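Single-letter residue listing:
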Amino acid sequence: MDATIVILDGDGIGPEVTAEAKKILAVVADRFGHGFAFDHQIIGGGAIDQFGTSLPEETLAAAAAAEAVLLGAVGGPKWDGPDSPDRPERGVLALRKGLDLFANLRPVKLQPQLLSASSIKEEVLEGVDLLVVRELTGGIYFGDRKEPDDNFEAYDTMLYTRPEIDRVVRLAADSAMERKRKIASVDKANVLASSRLWRGVATEALADYPELEVEHILVDAMAMHLIRRPADFDVIVAGNLFGDILTDEASMLAGSMGMLPSASLGDVNNRHNLPLGLYEPIHGSAPDIAGQGIANPLAAILSCAMLLRYSLGLDEEAAVVESAVDAVLAMGVRTPDIAQPGTESAGTEVLGDLVAQEVRGA
């Protein structure tokens, strides 16, 4: 298969983890005879510095023309000033909006080798294998807002429409049908009008899936359940803000945000008639460790596996990458974020090279 993959390094540790992810994609292409072309574009803080905008038009155009997009991370203290006219994170929001990527899929599957890396008791974590589906193009991140320019008042508006809710709930339900046939829809319907719309539309949509076991859970209760009984859940679907928060919480089940990949999908297809997707680790730019060569590249590498599966239809290749990650973890090799205290840890390139070796020789 021939495919163009746009690479967006971003800021902080973004370039370090995307370098290892690109390495894995190149090895996959070589082993299976694919023709992957890598198109490097710019986004985030670096784009602000160079072009005065967090998402240049050229970047969006290249992403729209590609089969898939791989993103590292964006952001950093350099661009966090209260008077900043643009912020790196806005570039990612605009990219998702521009590509109409309305659903973010974040799988949380715990490797047995890493149960001890989590701060949660191992017996609570056993059997955790869940998928969080987060709505991406609506909600409070895109509603009307007022910046605190008078230092007195500011607001953000959580706005949702029926079509936005319906499509993401149905995508989540379709995913649940292929898994354990359980779905939990998260809202705050006891307080928020937008959540009452969410619950109503979700209830109607899920009625078309009688095979599913359905729960409607308030977001604060869901936050507790994820810590107390995470193995009870299969697919969780939530709005933009709630999904953002819950997926970061869920990452701690795995012991580190450096372990969890994500895929952002929509209705737009690439030239292979497969979903155009944006793939990225859920971690941030981690400026405190940028340039030290110790960032965990596994979330970015596992994002490549999702890219291969969803946007290129290469299930075998995706499984090979996932098995390679498992094999490296079984060797006991760890970056500092998942290493046990007092044990030796490895660097970013070491883990990337080991995964590449496994993919090449699997």
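Scroll up to find the structure.
All figures in this text were calculated on a predicted structure; none of them were measured in a lab. (Residues numbered from 1 in each chain as written. Predicted model: local features only at pLDDT ≥ 70, side-chain atom pairs only at ≥ 80, totals over all residues. Heavy atoms only, no water.)

Colleague: Give a description of the overall build of the chain that names residues and reports values.
Modeller: The helix and strand tally for the chain stands at 12 helices and 12 strands. Against the globule reference of 21 Å for 362 residues, the chain gives a C-alpha radius of gyration of 20 Å, in line with a compact fold. With respect to the principal axes defined by its C-alpha atoms, the chain has extents near 55 × 50 × 45 Å. Across the 362 residues that make up the chain, the buried fraction comes to 52%. (Helix = DSSP H or I, 4+ residues; strand = E, 2+ residues; numbered from the N terminus. Rg over C-alpha atoms; globule rule 2.2 N^0.38 Å. Buried < 20%, exposed > 50% of the residue type's maximum accessible area, 1.4 Å probe, protein only.)

Colleague: Go over the side chain of Asn-240, please, and point to the residues and values.
Modeller: By the secondary structure assignment, Asn-240 is in helix H9 (residues 240–251). From its side chain, Asn-240 meets the backbone oxygen of Leu-136 in a polar contact 3.0 Å long. Residues contacting Asn-240, with those up to four places away along its chain left out, are Arg-134, Glu-135, Leu-136, Thr-137, Gly-138, Tyr-141, Phe-142 and Tyr-160. (Polar contact = N/O pair within 3.5 Å; in protein donor to acceptor, adjacent residues only side chain to side chain. Contact = heavy atoms within 4.5 Å.)

Colleague: Kindly report on the packing of aromatic side chains, identifying the contributing residues and their values.
Modeller: Evaluated as defined, the whole model comprises one aromatic pair. Measuring from centroid to centroid gives 5.5 Å for Tyr-160 and Trp-198, while their planes differ by 70°, and the two rings are edge-to-face. Of the two residues, Tyr-160 is situated in the loop between strand E7 (155–156) and helix H6 (162–177) and Trp-198 in helix H7 (residues 193–206); the sequence distance between them amounts to 38 residues. You'll find Tyr-160 and Trp-198 in the same group, each marked buried. Positioned above the aromatic ring of Phe-142, the side-chain terminus of Lys-97 is 4.6 Å from the ring centre. (Phe/Tyr/Trp six-rings, centres within 6.5 Å; stacked < 30°, edge-to-face > 60°. Lys NZ or Arg CZ within 6 Å of the ring centre and 35° of its normal.)

Colleague: I'd like a rundown of the pattern of salt bridges, residues and numbers included.
Modeller: Once their charged atoms are close, side chains differing in charge can pair, the charge on each being opposite to the other. Using the criterion set out here, one finds 20 salt bridges in the structure. Here Asp-220 makes a salt bridge to Lys-188, at a shortest N to O gap of 2.8 Å. Placement of the pair is Asp-220 in helix H8 (residues 219–228) and Lys-188 in the loop between strand E8 (182–187) and H7, with a sequence separation of 32 residues. With a relative accessible area of 16%, Lys-188 lands in the buried category. The shortest N-O distance in the salt bridge between Arg-309 and Glu-322 comes to 2.9 Å. Residue Arg-309 is found in helix H10 (residues 298–310), and its partner Glu-322 is found in helix H11 (residues 315–330); the two are separated by 13 residues along the sequence. A residue is classified by how much of its surface remains accessible, and Arg-309, at 27% relative accessible area, is partly exposed. (Salt bridge = Lys/Arg side-chain N within 4 Å of Asp/Glu carboxyl O.)

Colleague: Before we move on, can you summarise the pairing of strand E10 (residues 235–238) with the specific residues and values?
Modeller: Side chains on a regular strand alternate between the two faces of the sheet. Neither face of E10 is left uncovered, since the one carrying Val-235 and Val-237 and the one carrying Ile-236 and Ala-238 both have all their residues buried. Across four bridges, strand E5 (residues 129–135) lies against E10 in parallel orientation. What sits directly across from Leu-131, in E10, is Val-235. (Pairing = 2+ DSSP bridges.)

Colleague: Explain the environment of Tyr-141 to me, using residue names and the numbers behind them.
Modeller: By the element assignment, Tyr-141 lies in the loop between E5 and strand E6 (145–146). For Tyr-141, the contacting residues outside a window of four places in its chain are Leu-93, Arg-134, Asn-240, Leu-241 and Asp-244. Within the structure, Tyr-141 has its side chain in polar contact with the side chain of Asp-244 (distance 2.7 Å).

Colleague: How would you summarise the sheet that holds strand E11 (residues 263–269) if you had to cite specific residues and measurements?
Modeller: In spatial order, the strands read E2-E1-E3-E12-E11-E4-E5-E10-E8-E9; together these 10 strands make up an open sheet with mixed pairing. In this open sheet, the two strands that pair with only one neighbour each are strand E2 (35–41) and strand E9 (213–218). Averaged over all pairs of adjacent strands, the angle between their axes in this sheet comes to 20°, without regard to strand direction. Examined bridge by bridge, strand E4 (residues 101–109) and E5 share seven bridges and lie antiparallel to one another. Paired with Ala-103 across the two strands is Glu-135, which belongs to E5. Sitting on the sheet, H6 is in contact with E4, E5, E8, E10 and E11, with an inclination near 165° to E5. (Axes fitted to C-alpha atoms, helices over the stretch in contact; angles between N-to-C directions.)

Colleague: An account of the pairing of strand E3 (residues 68–73) is requested, with residue identities and associated values reported.
Modeller: The element E3 is extensively covered by neighbouring structure, given that six of its six residues are classed as buried. Note: strand E1 (residues 2–10) against E3, five bridges, orientation parallel. What sits directly across from Ile-5, in E3, is Ala-68. Bridge analysis of E3 against strand E12 (residues 275–279) gives three bridges, and the strand direction is parallel.

Colleague: Lay out the nonpolar core with the relevant residues and their values.
Modeller: If you look at the biggest cluster of nonpolar residues, it comprises 95 residues, and the most contacted ones within it are Phe-36 and Val-133. Among the elements that line this core, the one with the most residues is H10, at nine residues. Residues contacting Phe-36, with those up to four places away along its chain left out, are Met-1, Ala-3, Ile-5, Leu-25, Val-28, Ala-29, Leu-308, Leu-312 and Leu-314. (Core = buried A, V, L, I, M, F, W, Y, C linked by side-chain atoms within 4.5 Å.)

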